Amino acid sequence: MDFLRPETLAEALELKASRPDALPIAGGTDVMVELNFDHRRPSALLDLTRVPELQRWEEGLRIGAGVPYARIIDELGARLPGLAMASRTVGSPQIRNRGTVGGNLGAASPAGDTHPVLLASDAVIEVASVRGTRMIPAAEFYLGVKRNALEQDELIVAVHLTPARGPQQFSKVGTRNAMVIAVCSFAISLFPRENRVGAAVGSAAPTPRRAPEAERFLASALDFRDPKPLPDSVKREFGELVSRAASPIDDVRGSAAYRKHALAVMARRTLGWAWQELLDGERACA
């Protein structure tokens, strides 16, 4: 196995073009597990940890693919609360110091913790090759179980997100409280000025996916101009629509029926938390 270590993005793209079989590695929190269990044996590893262009974020927000979860929590938590919440649920402190959103996207596991937030927040993934740059909406990035929209010569360069324009929430169910792969997960983003909602599920279908019917229902049911406490009927209907958006399987972590039930519960709860945050903000401004 060859070990390739570029020191600039241009060099990394050149290496990926000449060695499309090379497997990119940043934090290594997914890749090393697959190597250790002999699930994957690439002919080369492309180490991206020395590429400075991937290690920084810019106002806007453009987050380099190599920015670790710990920095997202510490440096961007106020502007991207949903992503910070999801990042806090990832592994242990050691994993959060190494793991990256770019790596989460590259692995494209249905259970990846950041995927529902990226979908609900309208993230756009920037990918590049020696041929140029492409911008891929998160909703078009996930193609199947551990399959994404990257071409063989492309690398994930950055994730583009708009600072939160309303409350965001993330919730995850696991077989224990920490250091666990999600049984299922859910994210919600409210966009009061646009009178719309983003909602997405994880670990409950072949790919992370949005819940468009639930989004449309909630956008029509919420009064962003004059927010008042939500009736339980709205929360219940939203939860049921989120549950219907999923197509989970039975596996060692949980049954399909449990996943659908848990998604409905998480959708109701996160909606309640997000809406209460909006109400509290309205009262503070009054």
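Residues numbered from 1 in each chain as written. Predicted model: local features only at pLDDT ≥ 70, side-chain atom pairs only at ≥ 80, totals over all residues. Heavy atoms only, no water.

Caption draft 1: Representation of the overall build of the protein. Secondary structure assignment for the protein yields eleven helices and 14 strands. Each principal axis of the C-alpha distribution contributes one length, and for the protein these read about 60 × 40 × 30 Å. Restricting to contacts in the protein with at least 6 residues of sequence separation, those with at least 24 account for 61%. Here the protein displays about 13,200 Å² of accessible surface, and carbon together with sulfur accounts for 51% of that area. Here the protein holds 36 positive side-chain charges and 34 negative ones, and the gap between their average locations is 4 Å. (Helix = DSSP H or I, 4+ residues; strand = E, 2+ residues; numbered from the N terminus. Contact = heavy atoms within 4.5 Å. Areas by Shrake-Rupley, 256 points an atom, 1.4 Å probe, with all protein chains shown as cover. Lys, Arg positive; Asp, Glu negative; His and termini not counted. Charge placed at Lys NZ, Arg CZ, Asp CG, Glu CD.)

Caption draft 2: Here's a closer look at the packing of aromatic side chains. Scanning the model with the defined rule gives three aromatic pairs in all. Their ring planes at 90 degrees and their centres at 5.6 Å tell us that Phe 141 and Tyr 142 sit as a pair that is edge-to-face. For Tyr 142, a relative accessible area of 8% gives the class buried. Taken together, a centroid distance of 6.1 Å and an interplanar angle of 70 degrees make the contact between Phe 186 and Phe 238 edge-to-face. Highlighted residues: Phe 186 in strand β12 (residues 184-191) and Phe 238 in helix α10 (residues 232-245), separated in sequence by 52 residues. Just as Phe 186 is buried, Phe 238 falls in that class too. One Lys or Arg, Arg 196, reaches over the ring of Phe 191 and ends 3.9 Å from the middle of that ring. (Phe/Tyr/Trp six-rings, centres within 6.5 Å; stacked < 30°, edge-to-face > 60°. Buried < 20%, exposed > 50% of the residue type's maximum accessible area, 1.4 Å probe, protein only. Lys NZ or Arg CZ within 6 Å of the ring centre and 35° of its normal.)

Caption draft 3: Quick look at the sheet that holds β12. Reading across the sheet, the four strands line up as β11-β12-β13-β14 and stay open at both edges, with antiparallel pairing between neighbours. The open sheet terminates on both sides in strands that have one partner only, identified here as β11 (168-173) and β14 (209-210). Strand direction decides the pairing type here: β11 and β12, joined by six bridges, are antiparallel. Within β12, the residue paired with Phe 170 across the bridge is Ala 187. (Pairing = 2+ DSSP bridges.)

Caption draft 4: Structural detail: the UniProt feature "domain: FAD-binding PCMH-type" (unreviewed entry) in the protein. Summarizing the sequence annotation, UniProt attributes the feature "domain: FAD-binding PCMH-type" (unreviewed entry) to residues 1-166 in the numbering used throughout. Measuring from the first to the last C-alpha atom of residues 1-166 gives 47 Å, for a span that is 33% helix and 23% strand. (UniProt positions renumbered as here; feature names shortened; annotations may be inferred.)

Caption draft 5: The pattern of salt bridges, seen in detail. This structure, assessed with the given rule, holds 22 salt bridges. Among the salt bridges present, the one from Arg 40 reaches Glu 34, with a minimum N-O distance of 3.1 Å. The exposure class of Arg 40 is partly exposed, given its relative accessible area of 34%. For the salt bridge of Glu 194 with Arg 196, the shortest nitrogen-to-oxygen distance reads 2.6 Å. For Glu 194, a relative accessible area of 35% puts it in the partly exposed group. Linked through salt bridges whose partners overlap, the residues forming this network are Asp 122, Arg 165, Glu 194, Arg 196, Arg 210 and Glu 215. (Salt bridge = Lys/Arg side-chain N within 4 Å of Asp/Glu carboxyl O.)

Caption draft 6: Here's a closer look at the environment of Gly 112. Along the chain, Gly 112 turns up in the loop between α6 (101-107) and α7 (115-120). Looking at Gly 112, the relative accessible area reads 6%, which means it is buried. Sequence separation between Gly 112 and Thr 207 is 95 residues, and the spatial gap between their C-alpha atoms is 9.6 Å.

Caption draft 7: Spotlight on the sheet that holds strand β2 (residues 23-25). Pairing within the open sheet is parallel, and its three strands lie in the order β1-β3-β2. Each of the sheet's edge strands pairs with one partner strand only, and the pair in question is β1 (2-4) and β2. On average, adjacent strands in this sheet sit at an angle of 25 degrees to one another, irrespective of strand direction. Taken together, the three bridges between β2 and strand β3 (residues 44-47) define a ladder with parallel strand orientation. (Axes fitted to C-alpha atoms, helices over the stretch in contact; angles between N-to-C directions.)

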